[in-house]
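Listed below are the residues making up each chain.
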Amino acid sequence: MRTYQESGTTVEEATTKILKDLELKEYERYEVKVMEEANKGYLGIMSSGSTRVELTVCEHKPAKAEFLLKQLLGRMGYGSAAIDARHEEKDMTVDLVIRGENLGPLIGPRGRRVKAIEHLVNLFTNIDRKDYVRVRVDVEDYNQERRKKLHQLAERVARTAIHHGRPVKLKPMDVQDRKVIHEHLAEHGGVTTASEGRE
């Protein structure tokens, strides 16, 4: 966050003075607060004194996440890929879906590459550790389809566990896949979940 103050005959003039020398990044936004306003004369004519404003520049996290992903894709040779962005204010989640042709290599074996990309974008978007947002990166809805398959697997395993009345073990999974299973079955009555080993 950066703060600037300036004076002028009007709010617009004082704000313009600040902005003319200010280089805003693509993902930065600003707010203007009037600190002191000039005294207006009769019918707004012959005002006296000056108006002082405070302009605060801050990062817009959803825009920053999209900007960082664009930069990363460009460096990886996918600069022509499009990004569908959606921001959920209520749970501070940003969904970024990469679309284009020949994007298979971005997914990687079992989705490992897109997960690595998501990790990097999350890390640098929230590097200031303020107003944390969760960024989810997908490639042509790969993760969405994978979550559906994991939900279906969880449902089958839950039915098996309930039917036989005993625990059912799944094959080893990475942390994110296990989280999907745990969260889905947390809403499923009659079963509990647990992971073995390190998270």
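Residue numbers run consecutively from 1 along every chain, following the written order of its sequence. With pLDDT at 70 or above as the cut-off, local features in this predicted model cover only qualifying residues; side-chain atom pairs require 80 or more to be listed or tallied, and sums for whole chains, interfaces and linings still use all residues. Note that water and hydrogens are dropped before the side-chain values are worked out from all heavy atoms of the structure.

Caption draft 1: Layout of the layout of surface pockets. Its boundaries defined by the atoms lining it, the largest pocket holds a volume of some 830 Å³. Think of a 1 Å grid over the protein atoms and nothing else: a 1.4 Å probe that fits but is trapped marks a cavity, an open set flanked by protein within 12 Å on at least five of seven lines marks a pocket, and residues with an atom within 4 Å of a point count as lining. Around the largest pocket sit 30 residues that line it, and Glu118, Arg134, Arg136, Arg147 and Val180 are the ones nearest its centre. Per the convention used, a helix needs a DSSP run of H or I reaching at least four residues, while a strand needs a run of E reaching at least two, with both numbered from the N terminus. At the level of secondary structure, the elements contributing two or more residues to the lining of the largest pocket comprise strand S5 (93-99), helix H4 (112-125), strand S6 (134-139), helix H5 (142-164) and helix H6 (175-185). The element that contributes the greatest number of residues to the lining of the largest pocket is H6, accounting for 7 residues. In this count, Pro and Cys sit with the nonpolar residues alongside Ala, Val, Leu, Ile, Met, Phe, Trp and Tyr, while Asp, Glu, Lys and Arg are called charged and the others, Gly among them, polar. Here the residues of the lining of the largest pocket sort into 9 nonpolar, 7 polar and 14 charged. Grid points are joined across faces, edges and corners, and a volume is the space filled by probe spheres set on the points. In this model, the second largest pocket occupies a volume close to 710 Å³. In this structure, the second largest pocket is lined by 23 residues; those nearest its centre are Val168, Lys169, Leu170, Thr193 and Ala194.

Caption draft 2: Structural context of the packing of aromatic side chains. Pairing of aromatic rings covers Phe, Tyr and the six-membered ring of Trp, with a centre-to-centre limit of 6.5 Å; geometry is then stacked below 30 degrees between planes, edge-to-face above 60, and tilted otherwise. With the rule as written, the count across this model stands at 1 aromatic pair. For the ring pair Tyr27 and Phe67, a centre distance of 5.2 Å and an interplane angle of 55° mean the geometry is tilted. In this pair, Tyr27 is assigned in the loop between helix H1 (11-20) and strand S2 (28-36) and Phe67 in helix H2 (residues 61-75), connecting sequence segments 40 residues apart. Type-normalised accessible area, obtained with a 1.4 Å probe on protein chains alone, sets the label of each residue: buried when under 20%, exposed when over 50%, and partly exposed for intermediate values. Classification of Tyr27 as buried rests on a relative accessible area of 9%.

Caption draft 3: The arrangement of the nonpolar core in detail. Buried Ala, Val, Leu, Ile, Met, Phe, Trp, Tyr and Cys residues that are joined via side-chain atoms within 4.5 Å together make up what is termed a nonpolar core. By size, the foremost hydrophobic cluster in this structure holds 19 residues, and its most contacted members are Leu69, Leu73, Ile98, Leu106 and Val135. Secondary structure elements with two or more residues in this core: H2, S5, helix H3 (104-107), H4 and S6. Here a residue-residue contact requires only that any non-hydrogen atoms of the pair lie within 4.5 Å. Not counting the four nearest positions on each side in its chain, Val135 is found in contact with Ala65, Val94, Leu96, Glu118, Val121, Asn122 and Thr125.

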